[in-house]
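Okay, here's what each chain looks like letter by letter:
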Amino acid sequence: MRKTWKAYRSPIILLLAIIIGSIVGSTMGKDAAVLKPFGDLFLNVMFMIVVPLVFFSISSSVANMAGTKRFGKIISTMLLVFLFTGTVAAVVSMAGLKLFPPSEGVNIDLVKPDAPSEEVSIGDQLVSTVTVPDFVDLLSRANMLSLILFSVLLGLATSKVGEKAKPLANFLSAGSEVTLQMVKYVMVYAPIGLGAYFAALVGEFGPTLLGSYFKAVLFYYPFSILYFFGFFTLYAWIAHGKLGIRTFWKNMISPSVTSLATCSSAASIPVNLEAAKKMGVPDDISETTIPLGATLHKDGSVIGGVLKITFLFGIFGMDFSGINTYLLVGGVALLVGMVMGAIPQGGLIAEMLILSLFGFPPEALPIIAAISAIIDPPATLLNATGDNVASMMTARFVEGKNWLSKKVSPLTEQKGA
């Protein structure tokens, strides 16, 4: 019981703060606006920290990846598997949310993103999204994607140089630890800040916003169950047909229970490694795919990213249609699932990325931060257990189509080995 409380303590406290703030807002009405500065204080401090946090976290993580086992075929295959399952998660969740928009009919009078004055080509949009004309422009949360690209390149270069760049690698690691500690200090104030902000928000716009959260839950929870049983079965079949399906589900009880009990992909790594061994995944593949998957492979976060973006589209009355919009939403959701997991407090950073890329005002951050707290358990289930089926698919393409037949014979399967 104590371990479960420790795992869920943070999201529970945040949810309680949001609920209390909503009750206060409903009671005070428009007078609750007096509490808004307490919420703005939290937002401004987080936005102040985000640039050094992203820079140090990503660059130090990439710089220290040189020692990963068999950083060749296994890593490249693993990343392709992560990209494939993440793309599937993004596409099917966009299709589902197109049919069941969670915030339809809700309109909040905040500053809306500016519509482009003229049509911009996909090429120009891509260039302006991932690059900036001057180094100093990287030091702004408005250019988050460019900052991420710069941080990755710096990390790769540091790793390639090796021993001569060791002082820089140590500096990046130290910077990552320091900025993480700063975030921990700020997060102590998070329940007060988010609670105050929601009090002002509900006092201004009433309970219609809360109804949208209920619709978001009604979408995410059933959808995550469908994805868990339906698409994980499909991925296991890709790994090794019917034998792959039987082997996968036979060993999934412990990883599933652990992920729900701990609400942590990292805490699920030991159980996932044990399950992968029973599934017949070679040790060098599982010991590479599962630890890296805990940070880079998060289908639940991809689906959550799509939900947050479409939620804001509905609130701000924006049109969720068009190939450019779908590609941008899907790309950002993949980034949320495959990159942001490597950053401490990556969920919050992902939400800031969503705001900067789509031009939403800072006040939209608490709105989608509440969604993160609500969907945390099923998202963790998909994030953590998805690493097992990803390791099976990686083994399929690294070892060959009969990889599992060599590891698990029908006779040993019947004996329960």
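Calculation notes
- Residues numbered from 1 in each chain as written.
- Predicted model: local features only at pLDDT ≥ 70, side-chain atom pairs only at ≥ 80, totals over all residues.
- Heavy atoms only, no water.
- UniProt positions renumbered as here; feature names shortened; annotations may be inferred.
- Helix = DSSP H or I, 4+ residues; strand = E, 2+ residues; numbered from the N terminus.
- pLDDT = per-residue confidence, 0-100.
- Contact = heavy atoms within 4.5 Å.
- Polar contact = N/O pair within 3.5 Å; in protein donor to acceptor, adjacent residues only side chain to side chain.
- Core = buried A, V, L, I, M, F, W, Y, C linked by side-chain atoms within 4.5 Å.
- Buried < 20%, exposed > 50% of the residue type's maximum accessible area, 1.4 Å probe, protein only.
- Expected span 1.5 Å × (residues − 1).
- Patch = residues over 30% accessible without salt bridge, like charges linked within 9 Å, V, L, I, M, F, W, Y side chains within 5 Å.
- Areas by Shrake-Rupley, 256 points an atom, 1.4 Å probe, with all protein chains shown as cover.
- Salt bridge = Lys/Arg side-chain N within 4 Å of Asp/Glu carboxyl O.
- Arc of directions from axis to C-beta.
- Axes fitted to C-alpha atoms, helices over the stretch in contact; angles between N-to-C directions.
- Left-handed = near helix turned anticlockwise from the far one by under 90°.
- Nonpolar A, V, L, I, M, F, W, Y, C, P; charged D, E, K, R; others polar.

Draft legend 1. Geometry of the UniProt feature "transmembrane region" (unreviewed entry) in the protein. When the UniProt feature table is mapped to this numbering, "transmembrane region" (unreviewed entry) covers residues 12-29, 41-62, 74-97, 142-161, 182-199, 219-238, 323-343 and 355-375. The straight-line gap between the two end C-alpha atoms of residues 12-29 is 25 Å; of that span, 94% is helix and 0% is strand. Along residues 142-161 the backbone is 90% helical and 0% strand, and the end-to-end C-alpha distance reaches 31 Å.

Draft legend 2. Focus on the confidence of the model for the protein. Overall, the prediction assigns the protein a mean pLDDT of 80, with 83% of residues at 70 or greater. Between the elements of the protein, mean pLDDT differs from a low of 43, seen in helix H16 (residues 410-415), to a high of 91, seen in helix H3 (residues 73-99). Predicted confidence for residues 409-417 stays below pLDDT 50, and this span has eight contacts to residues more than four positions away or in other chains.

Draft legend 3. Broad picture of the side chain of Thr179. You can see Thr179 is positioned in helix H6 (residues 166-205). A polar atom in the side chain of Thr179 sits 3.0 Å from the backbone oxygen of Ser176. Apart from the residues lying within four places of it in its own chain, the contact partners of Thr179 are Pro52, Leu53 and Phe56.

Draft legend 4. Molecular detail of the nonpolar core. Grouped together as the largest cluster of nonpolar side chains are 106 residues, with contacts concentrated most on Leu312 and Phe360. Per-element tally for this core: the top contributor is helix H14 (residues 365-399), with 15 residues. Beyond its immediate stretch of four places on either side in the chain, Leu312 contacts Ile354, Leu355, Phe360, Ala364, Ile367 and Ile368.

Draft legend 5. Focus on helix H5 (residues 144-161). Under the 1.5 Å per step criterion, the end-to-end length of H5 is 26 Å for 18 residues, consistent within 8% with the ideal 26 Å. Residues Met144, Leu145, Ser146, Leu147, Ile148, Ser151, Gly155 and Thr158 constitute the buried set of H5. Just downstream of H5 lies Gly162, where phi reads positive at about 80°.

Draft legend 6. Geometry of a nonpolar patch on the surface. On the surface, Ile12, Leu16, Ile19, Ile20 and Ile23 cluster together into a nonpolar patch covering about 450 Å² of accessible area. The topology assignment puts Ile23 in helix H1 (residues 2-28).

Draft legend 7. Focus on helix H9 (residues 269-278). All of the buried residues in H9 are Ile269, Val271, Asn272, Ala275 and Ala276. Around the axis of H9, the buried residues are gathered within 160° of arc, so they sit on the same side. Set apart from the buried face of H9 by more than 90 degrees, the exposed residues are Pro270 and Lys277.

Draft legend 8. How the structure looks around the pattern of salt bridges. Under the criterion given, the structure shown has four salt bridges. One salt bridge in this structure joins Asp40 and Lys36, with 3.1 Å as the shortest N-O distance. Residue Asp40 and its partner Lys36 are located together in helix H2 (residues 36-63), separated by four residues, close to a single helical turn. Asp40 gets classed as partly exposed once you look at its relative accessible area, which sits at 22%. Between Glu274 and Lys278 there is a salt bridge whose closest N-O contact spans 3.7 Å. Of this pair, Glu274 and Lys278 both sit in helix H9, separated by four residues, roughly a single helical turn. Look at Lys278 and you get partly exposed, because its relative accessible area is 48%.

Draft legend 9. Focus on the environment of Ala294. The residue Ala294 is located in helix H10 (residues 283-296) in this model. Owing to a relative accessible area of 8%, Ala294 belongs among the buried residues under this scheme. As for Ala294 and Ser264, which are separated by 30 residues in sequence, their C-alpha atoms are 8.9 Å apart. In this structure Ala294 touches Ser265, Ala266, Ile269 and Asp387, once residues within four positions along its chain are discounted.

Draft legend 10. Representation of the packing of H3 against helix H11 (residues 299-315) within the structure. Look at H3 against H11: their axes get within 9 Å of each other, and the N-to-C directions meet at 35°. Pair H3 / H11 crosses with right-handed handedness. For the pair H3 and H11, the contacting residues are Thr85, Gly86, Ala89, Ala90, Ser93, Met94 and Leu97 in the first and Asp299, Val302, Ile303, Val306, Leu307 and Thr310 in the second. Here the contact of H3 with H11 is composed, by residue class, of eight nonpolar, four polar and one charged.

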